[in-house]
Amino acid sequence: QVQFVESGGGLVQPGGSLRLSCAVAGLTFSDCDMRWYRQAPGKEREMVARIDKRGMYTNYGDSVKGRITISRDNAKNTVYLQMNSLKLDDTAVYYCNALESRMALLYDYWGQGTQVTVSS
């Protein structure tokens, strides 16, 4: 059974920073591309950032480029999302996603989400 432990969300003022963590168990973490998505009330879920299996390649959504950094520690089965210069529009539930390559198939797993609220 795949299990996610997401942490680091909370309430922060505009311009502040947060670091989200997502620890994953029950799969081969080093075989997974990892992504962070977010969903704000009334909006569709959008991809925030992604990182490949080895941490060599990253990609970011246009709305967060230059403010957010994704990283991973395969020894700890954990992916991180460092968020700086937070804006009101960054308020959303942030979801950790694992895309596992196994036996030529792709398996898609989701965390339960962590709330990030940016408010003065």
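Model, not experiment: these values are computed from the prediction. (Residues numbered from 1 in each chain as written. Predicted model: local features only at pLDDT ≥ 70, side-chain atom pairs only at ≥ 80, totals over all residues. Heavy atoms only, no water.)

### Observations regarding the packing of aromatic side chains
Taken as a whole, this structure holds one aromatic pair when the rule is applied. Ring geometry for Tyr37 versus Trp110: centroids 4.9 Å apart, planes at 55°, classification tilted. With Tyr37 in strand β4 (residues 32-39) and Trp110 in strand β10 (residues 105-110), this residue pair connects regions lying 73 residues apart in the sequence. For Tyr37, a relative accessible area of 16% corresponds to the buried category. One cation-aromatic arrangement involves Arg45 over Tyr95; the distance from NZ or CZ to the ring centre is 3.9 Å. It is Arg102 that lies over the ring of Tyr107; its NZ or CZ is 4.0 Å from the centre. (Phe/Tyr/Trp six-rings, centres within 6.5 Å; stacked < 30°, edge-to-face > 60°. Helix = DSSP H or I, 4+ residues; strand = E, 2+ residues; numbered from the N terminus. Buried < 20%, exposed > 50% of the residue type's maximum accessible area, 1.4 Å probe, protein only. Lys NZ or Arg CZ within 6 Å of the ring centre and 35° of its normal.)

### A closer look at the pairing of strand β7 (residues 68-73)
Only one face of β7 is buried: it carries Ile68, Ile70 and Arg72, and the other face, with Thr69, Ser71 and Asp73, is open. Direction of pairing for β7 relative to strand β8 (residues 78-83): antiparallel, over a ladder of six bridges. Counted as the bridge partner of Ser71 is Tyr80 from β8. (Pairing = 2+ DSSP bridges.)

### Some remarks on the pattern of salt bridges
It is possible for side chains of opposite charge to pair when their charged atoms get near one another. Applying the stated criterion to the full structure yields six salt bridges. The salt bridge partner of Asp90 is Arg38, with a shortest N-O separation of 2.8 Å. In this pair, Asp90 sits in the loop between β8 and β9 (92-102) while Arg38 sits in strand β4, placing the two residues 52 residues apart along the sequence. Arg38 carries the same exposure label as Asp90, and that label is buried. Salt-bridge contacts for Asp90 lead to Arg67; the nearest nitrogen and oxygen are separated by 2.7 Å. Of this pair, Asp90 sits in the loop between β8 and β9 while Arg67 sits in the loop between β6 (58-60) and β7, placing them 23 residues apart in sequence. The pair Asp90 / Arg67 is uniform in exposure class, with both members buried. Via salt bridges that share partners, Arg38, Glu46, Arg67 and Asp90 belong to a single interconnected network. (Salt bridge = Lys/Arg side-chain N within 4 Å of Asp/Glu carboxyl O.)

### Description of the environment of Asn84
Checked against the element boundaries, Asn84 lands in the loop between β8 and β9. Not counting the four nearest positions on each side in its chain, Asn84 is found in contact with Gly16, Ser17 and Arg67. In this structure the side chain of Asn84 is engaged in a polar contact, spanning 2.9 Å, whose partner is the side chain of Gln82. (Contact = heavy atoms within 4.5 Å. Polar contact = N/O pair within 3.5 Å; in protein donor to acceptor, adjacent residues only side chain to side chain.)

### Some points on unusual backbone geometry
Although it is not a glycine, Ser85 sits at a positive phi angle of roughly 50°. The exposure class assigned to Ser85 is partly exposed, which follows from its relative accessible area of 43%. For Ala104, which is not glycine, the phi dihedral falls at a positive 65°. Tracing the chain through its elements places Ala104 in the loop between β9 and β10.

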